[in-house]
Amino acid sequence: MARVRYSTTLDEDLLTMAKHRASLIEELHGANDIIEQALRFYFRNASVTVWEKSVNTEDDNKDKYFQKLILRSNRLVLENVKDRTVIKKYDSEAVSPKTLKEGGWTKVWDISKIMPH
């Protein structure tokens, strides 16, 4: 892809974070690489929509069943979810990659795999 010079102003904190992140990854050559990856990610996912629908009856209302429909340009994902629980205080070691793998969990999505280096 051809590169063009483009001048703009950015939030200083965002630029500082992009520079710091780029300094941690050997393959990246500065904040521009981070900004380009963010734009690619945005445009890849700009057309994605997510819908949710409750499938509870009066008898099972306490179970909070719902369906989640993810629409992408090239596929549709339908998930049936029994319960969504948000836990704000947790032990970070209990959810480390090693601990999760040992517990039978499989990583299915990671932004670092989507964003090329």
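Parameters at a glance
Residues numbered from 1 in each chain as written. Predicted model: local features only at pLDDT ≥ 70, side-chain atom pairs only at ≥ 80, totals over all residues. Heavy atoms only, no water. Salt bridge = Lys/Arg side-chain N within 4 Å of Asp/Glu carboxyl O. Helix = DSSP H or I, 4+ residues; strand = E, 2+ residues; numbered from the N terminus. Buried < 20%, exposed > 50% of the residue type's maximum accessible area, 1.4 Å probe, protein only. Patch = residues over 30% accessible without salt bridge, like charges linked within 9 Å, V, L, I, M, F, W, Y side chains within 5 Å. Areas by Shrake-Rupley, 256 points an atom, 1.4 Å probe, with all protein chains shown as cover. Expected span 1.5 Å × (residues − 1). Arc of directions from axis to C-beta. Contact = heavy atoms within 4.5 Å.

1. Looking at the pattern of salt bridges
Item 1. In the structure shown here, the tally under the stated rule is 2 salt bridges.
Item 2. For the salt bridge of R3 with E36, the shortest nitrogen-to-oxygen distance reads 2.9 Å. With a gap of 33 residues between them, R3 in the segment before α1 (12-24) and E36 in helix α2 (residues 31-45) connect regions that are remote in the sequence.
Item 3. For R3, a relative accessible area of 61% puts it in the exposed group.

2. Notes on a nonpolar patch on the surface
Item 1. A cluster of nonpolar side chains, contributed by L39, Y42 and F43, occupies part of the molecular surface with about 370 Å² of accessible area.
Item 2. Tracing the backbone shows L39 in helix α2.

3. What about the environment of Y65?
Item 1. Relative to the assigned elements, Y65 resides in the loop between β1 (49-54) and β2 (66-71).
Item 2. Along the primary structure Y65 and D83 are separated by 18 residues, whereas in three dimensions their C-alpha atoms are 5.9 Å apart.

4. A short note on α2
Item 1. Between the first and last C-alpha of α2 there are 21 Å, a value that for 15 residues agrees with the 21 Å anticipated at 1.5 Å per step.
Item 2. Taken as a whole, α2 has its buried residues at A31, D33, I34 and Q37. Looking straight down α2, one finds its buried side chains confined to an arc of 160°; they lie on one side.
Item 3. Here the buried face of α2 lies against α1.

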